[in-house]
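Summary of the model geometry
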Amino acid sequence: GPSALVTRRVYLFDGRLRSATMTAHPRIDPQTGEMFAYGYEANGLASPEVAFFVVDRDGRLVREEWFQGPYVGMMHDFVVTKRHVIFPFFPVLADRARIERGGPHWRWEAGKGSHVGIMPRDGSVRDMRWFHGPDRSFFHFMNGHSQGEQVHIDFGVSDEVPFPFIREASGLTGPPRMEHSGFVRWTFDLAGRGEQWEQRPLGPPGDFPIIARRDHMNEYSVGYYEMYDPNVAPPITAGPVGVGFNTVARLDIQTGELRAFAPGQSHTVQEHVHIPSSTPGHEGYLAFVVDLHETMGSEVLLLEAAHPERGPLARIKMPLRLRNQVHGTWVEERELPAPLGNQQAAA
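The paragraphs below set out a description of the structure included in this document. Position numbers for residues start from 1 in each chain and track the written sequence from start to end. Predicted model: local features are reported for residues with pLDDT of at least 70 only, side-chain atom pairs are reported and counted for 80 or more only, and whole-chain, interface and lining totals are derived from all residues. Values reported for side chains reflect all heavy atoms of the structure, with hydrogen atoms and water molecules removed beforehand.

**As for the overall build of the protein**
The helix count covers DSSP runs of H or I at least four residues long, the strand count covers runs of E at least two residues long, and both are numbered beginning at the N terminus. Along its length, the protein carries 3 helices and 23 strands. In terms of overall size, the protein behaves like a compact globule, its C-alpha atoms giving a radius of gyration of 21 Å where 347 residues would be expected to give roughly 20 Å. When its C-alpha atoms are laid out on the principal axes, the protein stretches across 60 × 50 × 45 Å. Burial status follows relative accessibility: with a 1.4 Å probe on protein chains alone, a residue under 20% of its type maximum counts as buried, one over 50% as exposed, and anything between as partly exposed. Burial analysis of the protein (347 residues in total) assigns 49% to the buried set. In this treatment the radius of gyration is a C-alpha quantity, and the globule benchmark scales as 2.2 Å times the residue count to the 0.38 power.

**Comments concerning the sheet that holds strand 3 (residues 49-55)**
Strands pair, by our definition, only if DSSP identifies at least two bridges between them. Spatial ordering of the open sheet is given by 1-2-3-4, a layout of 4 strands whose pairing is antiparallel. A strand with exactly one partner marks an edge of an open sheet, and here the two such strands are strand 1 (27-28) and strand 4 (61-68). With 6 bridges joining them, strand 2 (residues 35-40) and strand 3 adopt antiparallel strand pairing. Looking across to strand 3, one finds that Tyr40 is bridged to Val50.

**Section: the pattern of salt bridges**
Opposite charge on two side chains permits them to pair, given that their charged atoms come into close proximity. We define a salt bridge as a side-chain nitrogen of Lys or Arg found within 4 Å of a carboxyl oxygen belonging to Asp or Glu. For the structure shown, the criterion picks out 20 salt bridges. Measuring nitrogen to oxygen at the nearest pair gives 3.7 Å for the salt bridge that ties Arg98 to Glu109. Residue Arg98 is found in helix 1 (residues 96-100), and its partner Glu109 is found in the loop between strand 8 (107-108) and strand 9 (114-120); the two are separated by 11 residues along the sequence. Residue Arg98 is classed as buried on the basis of its relative accessible area, which comes to 9%. By relative accessible area, Glu109 is classed as partly exposed at 24%. Its salt-bridge partner being Glu299, residue Lys317 comes within 2.9 Å of it at the nearest N-O pair. Taken together, the positions of Lys317 in strand 23 (residues 314-317) and Glu299 in strand 22 (residues 297-304) put the pair 18 residues apart, joining distant regions of the chain. We classify Glu299 as buried; its relative accessible area is 1%.

**With respect to the packing of aromatic side chains**
Put simply, two rings from Phe, Tyr or Trp (the six-membered ring, in Trp's case) pair if the centres are within 6.5 Å, and we call them stacked under 30 degrees between planes, edge-to-face over 60, tilted for the rest. Per the stated rule, a full pass over the model turns up 23 aromatic pairs. For the pair Phe67 and Phe87, a centre-to-centre distance of 4.9 Å together with 65° between the ring planes defines the contact as edge-to-face. Of this pair, Phe67 sits in strand 4 while Phe87 sits in strand 6 (residues 84-89), placing them 20 residues apart in sequence. With respect to class, Phe67 is no different from Phe87; both count as buried. Between the aromatic rings of Phe183 and Tyr225, the centroid separation amounts to 4.3 Å while the plane-to-plane angle is 20°, which identifies the pairing as stacked. With Phe183 in strand 13 (residues 182-189) and Tyr225 in strand 16 (residues 222-227), the pair connects residues that are 42 residues apart, well separated along the chain.

**Observations concerning the side chain of His145**
Mapped onto the secondary structure, His145 falls in strand 11 (residues 141-147). Working rule for contacts: check all heavy atoms of both residues, and any pair within 4.5 Å makes them a contact. What His145 contacts, discounting residues up to four positions off in sequence, is Thr81, Gln150, Val151, His152, Arg185, Met217, Asn218 and Glu219.

**A closer look at the pairing of strand 2**
When you tally the buried positions in strand 2, you get 5 out of 6 residues, the bulk of the element. Relative to strand 2, strand 1 is paired through 2 bridges, and the arrangement is antiparallel. Within strand 2, the residue paired with Ile28 across the bridge is Met35. What sits between strand 1 and strand 2 in their antiparallel hairpin is a turn of 6 residues, with Gly33 showing a positive phi close to 80°.

**Side note on the sheet that holds strand 12 (residues 150-157)**
Ordered by their spatial adjacency, 4 strands build an open sheet running 11-12-13-14, and the pairing between neighbours is antiparallel. Bordering the open sheet on either side are strand 11 and strand 14 (198-203), each of which pairs with just one other strand. Going from strand to strand, the sheet's axes swing by 20° on average, the running direction of each strand aside. Relative to strand 13, strand 12 is paired through 8 bridges, and the arrangement is antiparallel. Paired with His152 across the bridge in strand 13 is Thr187. Helix axes are fitted to C-alpha atoms over the stretch in contact, other axes to C-alpha atoms as well, and angles between N-to-C directions run from 0 to 180 degrees.

**Focus: the environment of Ser266**
Mapped onto the fold, Ser266 is located in the loop between strand 18 (258-261) and strand 19 (267-269). Under the relative-accessibility criterion, Ser266 is labelled buried at 16%. When the C-alpha positions of Ser266 and Asp291 are compared, they lie 8.4 Å apart, and in sequence the two are 25 residues distant. With residues near it in sequence (within four places) discarded, Ser266 still touches Ile236, Asp291, Leu292, His293 and Glu294.

**Brief notes about the side chain of Glu64**
Position of Glu64 among the secondary structure elements: in strand 4. Charge assignment in this entry is limited to Lys and Arg as positive and Asp and Glu as negative, and neither His nor the chain termini are counted. No salt bridge forms around the buried Glu64; measuring N to O, its nearest opposite-charge neighbour Arg18 is 4.2 Å away. The definition of a polar contact used here is a pair of N or O atoms within 3.5 Å, where within protein one atom must be able to donate a hydrogen and the other to accept one, and adjacent residues in sequence count solely through side-chain atom pairs. For Glu64, the side chain forms a polar contact with the main-chain nitrogen of Arg18, separated by 3.0 Å. A polar contact is formed between the side chain of Glu64 and the side chain of Trp66, at a distance of 2.9 Å. With residues near it in sequence (within four places) discarded, Glu64 still touches Arg16, Leu17, Arg18, Ser19, Ala51, Phe52 and Phe53.

**Some remarks on the pairing of strand 3**
With respect to burial, strand 3 is a largely interior element, 7 of its 7 residues being buried. Residues Glu49, Ala51, Phe53 and Val55 line one face of strand 3 and the alternating positions Val50, Phe52 and Val54 line the opposite face, and both faces are buried. Relative to strand 4, strand 3 is paired through 7 bridges, and the arrangement is antiparallel. Within strand 4, the residue paired with Ala51 across the bridge is Trp66.

Below, the structure is given as structure tokens:
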């Protein structure tokens, strides 16, 4: 495996990718190995075009289509199911003229609404069906699946954007409004004529949702995410949103049962990863970094995914404090290509 975090090379799909940008959240089909991705501002700074592209399991770009969104929005994540691709827009907008005057790239613009485009996975962006709803903020999606003519997506939603730098640029003061915040399922009826969706509550507000890799794009029963529980401790500033998460939770999607673990009153948790188990029927493990704010240290905890409430199976003390991080992925060593040095030696 890799022994350093040095960039090995930049891969542009043999020069075939036309989009100027690419998401931090591609979706990989665990059965086919295909990677689905997109880029917003695909035609340059504050451009309204969005590129949708597909890469086969061998890393070849096999498809790229462009469409124009309802506005130039910060589309941080998207959802892919076995039959559909879902593009969500929420009212954090870019404006090139504002940027060129030295203003902020992103601002919350109340009244622009949330917009969700859904296209057939095997179809074209020309087949996009648009749904429209109230102003909401959302960043990361746990999963989605298609069921007949319905499409379901599960994620954490809030009334306003939480990032302090965007709130300041938008003239928003005080903490974000929370009247409609929570972990939810939005359901879209493709057989109906309406332009809105139904919302079903799943759990308390939170973010950084993950599931077992085998469940991606399919109907599933269990997911994991992080939240701030005020019953654990007063808020601690940690990470880009301000208040750090202090709890890791396992959510039963069907029953709403929540099993949770909080490492301590002076601790915050960074984004977790799911580690599959080789034992049939075992749910696997969760691993994540914990910030120890009293001692300014860090440690890695390992939990049994099915029972986080039982506490850590192992603690790994880190020799130094780790900076707050997001968006890690567990990769088994056997899945990694041989290091470049070994490849050259073999050649």
